[in-house]
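Per-entry structural report
Here are the chains, one letter per residue:
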Amino acid sequence: PIVLLFVFLGRAVTLPGAEDGIDKYIREWDFSVLSERPDVWSRAVSQIFFSLSVTFGTMTAYGSHCKTSEPALLNSIVI
């Protein structure tokens, strides 16, 4: 699976317009949006809580099927 992810990454970087997207995402940050539009903060917090809640539910379901003698480090790497 890791090799396939790198194949997808290589393909995505070579697409037309990829350089423009990378520049916008990495190099051009506009921090003034955070002070001018306070709704950005509430949307960001909502996204964080939603992401955590989905992950927490998955982890709870996975943890309920694991034996108590299994190593936690190995299980976290598997996930």
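Moving on, we get to the overall build of the protein. Across its full length, the protein holds five helices and zero strands. In the protein, the succession of helices and strands from N to C terminus is α-α-α-α-α. For a compact globule of 79 residues, the expected C-alpha radius of gyration is about 12 Å, and the protein comes in at 19 Å, more than 25% above that figure. Counting all 79 residues of the protein, 5% fall into the buried class. Here the protein has roughly 7300 Å² of accessible surface; of this, 71% comes from carbon and sulfur atoms. With 6 positive and 8 negative side-chain charges, the protein shows a separation of 8 Å between the mean positions of the two kinds.

Once that is clear, we can look at the confidence of the model for the protein. Residues with a pLDDT of 70 or more make up 96% of the protein, whose mean pLDDT is 82. Looking across the protein, the model is least confident in helix α5 (residues 72-78), with a mean pLDDT of 75, and most confident in helix α1 (residues 2-14), with 94.

To continue, consider α1. Helix length check: α1, at 13 residues, gives a terminal C-alpha distance of 19 Å against a target of 18 Å (1.5 Å per residue), a fit within 8%. Sparse coverage of α1 is indicated by the burial of zero of its 13 residues.

What follows deals with the environment of Ala12. Counting through the fold element by element, Ala12 comes out in helix α1. Given a relative accessible area of 40%, Ala12 falls into the partly exposed group. A sequence separation of 25 residues divides Ala12 from Arg37, and the C-alpha atoms of the two residues are 31 Å apart.

Further remarks concern the environment of Gly63. Secondary-structure assignment places Gly63 in helix α4 (residues 39-65). Classification of Gly63 as partly exposed rests on a relative accessible area of 41%. Along the sequence, Gly63 and Asn75 sit 12 residues apart, while their C-alpha atoms lie 8.9 Å from each other.

It is worth spelling out the pattern of salt bridges at this point. As enumerated under the stated definition, the model contains three salt bridges in all. Among the ionic pairs, Arg27 bridges to Asp23, the shortest N-O distance being 2.2 Å. Here the residue Arg27 and the residue Asp23 both occupy positions in helix α2 (residues 18-27), the gap between them amounting to four residues, near one helical turn. Across the pair Asp39 and Arg43 runs a salt bridge whose closest N-O atoms are separated by 3.8 Å. With Asp39 and Arg43 both in helix α4 and four residues apart, the pair spans about one turn of that helix. Residues participating in the shared-partner salt-bridge network are Arg37, Asp39 and Arg43.

This next bit is on a nonpolar patch on the surface. A surface patch of nonpolar side chains, about 1300 Å² in accessible area, is lined by Ile2, Val3, Leu4, Leu5, Phe6, Val7, Phe8, Leu9, Val13, Ile22, Tyr25 and Ile26. Listing elements by their share of the nonpolar patch, those giving two or more residues are α1 and α2. One can find Val13 in helix α1. Residue Val13 is classed as partly exposed on the basis of its relative accessible area, which comes to 46%.

Analysis parameters
- Residues numbered from 1 in each chain as written.
- Predicted model: local features only at pLDDT ≥ 70, side-chain atom pairs only at ≥ 80, totals over all residues.
- Heavy atoms only, no water.
- Helix = DSSP H or I, 4+ residues; strand = E, 2+ residues; numbered from the N terminus.
- Rg over C-alpha atoms; globule rule 2.2 N^0.38 Å.
- Buried < 20%, exposed > 50% of the residue type's maximum accessible area, 1.4 Å probe, protein only.
- Areas by Shrake-Rupley, 256 points an atom, 1.4 Å probe, with all protein chains shown as cover.
- Lys, Arg positive; Asp, Glu negative; His and termini not counted.
- Charge placed at Lys NZ, Arg CZ, Asp CG, Glu CD.
- pLDDT = per-residue confidence, 0-100.
- Expected span 1.5 Å × (residues − 1).
- Salt bridge = Lys/Arg side-chain N within 4 Å of Asp/Glu carboxyl O.
- Patch = residues over 30% accessible without salt bridge, like charges linked within 9 Å, V, L, I, M, F, W, Y side chains within 5 Å.

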